[in-house]
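Residue-level structure breakdown
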Amino acid sequence: MNKQKLIRITTVPISLDKLLGGQLGFMNSFYEVIAVSSEKEYLEAIGKKEGVDTFHLEMTRKITPLQDLIAVGKLYFFLKKQKPFIVHTHTPKAGIVGMLAAKLAGVPNRLHTVAGLPLLESVGLKRKVLDFVERLTYSCATKVYPNSNGLLEIIKENRYCDSNKLKVLANGSSNGINTNLFSPDSIPESDKLELRKKLNISENDFVFIFVGRIVADKGINELISAFDDFSKSNSQAKLILVGPFEEELDPLSEKTLTIIKNNNSIFSVGYQQEVRAYFSIANTLVFPSYREGFPNVVMQAAAMGLPCIVSNINGCNEIIQEGYNGLIIPVKNKIAILHALQIMCSDVNLYTTLKNNARQSIVTRYEQKVVWEALLNEYSSL
């Protein structure tokens, strides 16, 4: 019996690789999966890794109306030829391109996962345009899956679509966490020793870590300013920044860039294919983002046994419980970050409690297979 076709679309293939890793291969046992994204070589490499077919469709993360219309046209003809049972999109640009093309092509099940709303930080005309695009995306979809309860409420408040289209799967998250992979025991002591030596970090240092895009709306300006003040009186405090800078889309301030360059306690290691080793030599994740969907980084860090300092935004404040597995701080607040850094380093009893609870809080709620099965059940119900 031929399997029904399932087409999964993201704007850039790193989302398929890092945010949905393993999921396409799992679904391919039940459906004929085709992955659609930009960056042809990277996309094809993911297809081989996951064992699925691919279709290259060039898209941009910027506002590019003409290019977007061309992408809609190309995808429309591809969908008419393939006749999929389900088209499932992730990320804003892939959402509008994919849902519009799928509706025009008569695809019966058009699903869109919302894993964050970049428009929340926009104002004026740009915000109005993005609001319109969001509503258009949802109107073309038959089902919309916010990946956190906080996002669900934001979508309802902004009236982006009818409530009967909305559903949060499992306990949230787009992909869950492979807690066998993200485990404190997954990194050999020799690897930790080698990485500490490479970065010139001693075992007695207290290491904070940030993993993600090194951009303004991740709270990096506030984090760097707070840590710079903190490190002046705490020589054993270190900060590792893991992730790429995005100078075009959301650049950091010149002051922040200067501090990163000149503070010897800050280590910017760029994008890393493998982040577990960096988690393994850290003591605490600091993630002061302005907006999120359901951040994998926070789940990964906690699964690795790290307490987390996170901003009080949807997703983050669902994964982290204040005083149980981390600390929750106000958004865009340097003083709150500084205070949280001080608490983590000085309150040994609290830190130990948070650390002891961190991994179990993920294992019991966000195991990857649970999320995959919830999505598979959703597909099966269509």
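Within the secondary structure, Glu222 sits in helix H9 (residues 220-232). For the buried residue Glu222, which engages in no salt bridge, the nearest side chain bearing the opposite charge is Lys332, 6.9 Å off. At a separation of 2.6 Å, a polar atom in the side chain of Glu222 contacts the side chain of Tyr290. The contact partners of Glu222, leaving out residues within four places of it in the chain, are Tyr290, Lys332, Asn333, Lys334 and Ile337.

This part takes up unusual backbone geometry. Note: most residues except glycine have negative phi, and most peptide bonds are trans. Even without being glycine, Thr91 reaches a positive phi, approximately 75°. Along the chain, Thr91 falls in the loop between strand S4 (86-90) and helix H5 (92-104). Judged by relative accessible area, Thr91 falls into the partly exposed class, the value being 21%. The residue Ser173 is not glycine, and still its phi comes out positive at about 85°.

Locating Ala35 in the fold gives a position in strand S2 (residues 32-37). Residues Ala35 and Thr10, spaced 25 residues apart in sequence, show a C-alpha to C-alpha distance of 8.2 Å.

Okay, the packing of helix H4 (residues 65-82) against H5 next. H5 packs onto H4 with a crossing angle of 45° between their chain directions and a minimal axis gap of 8 Å. With respect to each other, H4 and H5 are oriented oblique. Every pair of crossing elements has a handedness; the one defined by H4 and H5 is right-handed. Across the interface between the two elements, Asp68, Ala71, Val72, Leu75, Tyr76 and Leu79 from H4 touch Lys93, Val97, Gly98, Leu100, Ala101, Ala102 and Leu104 from H5. Per-class residue counts for the contact of H4 with H5 are ten nonpolar, one polar and two charged.

This part is about the side chain of Ser265. With respect to the helices and strands, the residue Ser265 is situated in the loop between helix H10 (254-262) and strand S9 (266-270). Sequence-distant contacts of Ser265, defined by excluding residues within four places in its chain, comprise Phe227, Ser231, Ser235, Ala237, Lys238 and Leu239.

Quick look at helix H16 (residues 368-380) now. Taking 1.5 Å of rise per residue, 13 residues should cover 18 Å, and H16 covers 18 Å from first to last C-alpha, within 8% of that figure. Among the residues of H16, those classed as buried are Gln368, Val371, Trp372, Ala374, Leu375, Leu376, Glu378 and Tyr379. Taken together, the buried residues of H16 touch strand S1 (5-9), helix H2 (23-27), S4, strand S5 (109-114) and strand S6 (143-146).

Leu199, Phe208, Ile209, Ile240, Phe279, Leu285 and Val298 are the most contacted members of the largest nonpolar core, which has 68 residues in total. When neighbours within four sequence positions are excluded, Ile209 is seen to be in contact with Leu239, Ile240, Val242, Tyr278, Phe279, Ala282, Thr284, Leu285, Val286 and Leu306. Of all hydrophobic cores here, the second largest spans 36 residues; its members include Val97, Ala101, Ala105 and Cys140.

Ordered in space as S9-S8-S7-S10-S11-S12, the six strands form an open sheet in which the pairing is parallel. Lying at the two open borders of the sheet, with one neighbouring strand each, are S9 and strand S12 (326-329). The mean angle between the axes of side-by-side strands here comes to 20°, regardless of whether they run parallel or antiparallel. Inspection of the sheet shows strand S7 (residues 206-211) paired to strand S10 (residues 284-287) by two bridges, in the parallel sense. For Phe208, the partnering residue across the bridge sits in S10 and is Thr284. Running at roughly 160° to strand S8 (residues 237-242), H9 makes contact with S7, S8, S9 and S10 of the sheet.

Next up on the list: the pairing of S8. Among the six residues that make up S8, six are buried, leaving the element largely enclosed by the rest of the structure. In the sheet, S7 pairs with S8 via six bridges, with the strands oriented parallel. If you follow Phe206 over to S8, its bridge partner there is Ala237. Tracing the backbone out of S7, into H9 and back to the parallel element S8 gives a crossover that is right-handed. When S8 meets S9, the two strands line up parallel, connected through four bridges. What sits directly across from Val242, in S9, is Gly270. Read as a crossover between parallel neighbours, the route from S8 over H10 to S9 is right-handed.

Here is what the cut-offs are and how they apply
- Residues numbered from 1 in each chain as written.
- Predicted model: local features only at pLDDT ≥ 70, side-chain atom pairs only at ≥ 80, totals over all residues.
- Heavy atoms only, no water.
- Helix = DSSP H or I, 4+ residues; strand = E, 2+ residues; numbered from the N terminus.
- Buried < 20%, exposed > 50% of the residue type's maximum accessible area, 1.4 Å probe, protein only.
- Lys, Arg positive; Asp, Glu negative; His and termini not counted.
- Salt bridge = Lys/Arg side-chain N within 4 Å of Asp/Glu carboxyl O.
- Polar contact = N/O pair within 3.5 Å; in protein donor to acceptor, adjacent residues only side chain to side chain.
- Contact = heavy atoms within 4.5 Å.
- Axes fitted to C-alpha atoms, helices over the stretch in contact; angles between N-to-C directions.
- Parallel < 35°, antiparallel > 145°, perpendicular 65-115°, else oblique.
- Left-handed = near helix turned anticlockwise from the far one by under 90°.
- Nonpolar A, V, L, I, M, F, W, Y, C, P; charged D, E, K, R; others polar.
- Expected span 1.5 Å × (residues − 1).
- Core = buried A, V, L, I, M, F, W, Y, C linked by side-chain atoms within 4.5 Å.
- Pairing = 2+ DSSP bridges.
- Right-handed = clockwise from strand over helix to strand, strands pointing away.

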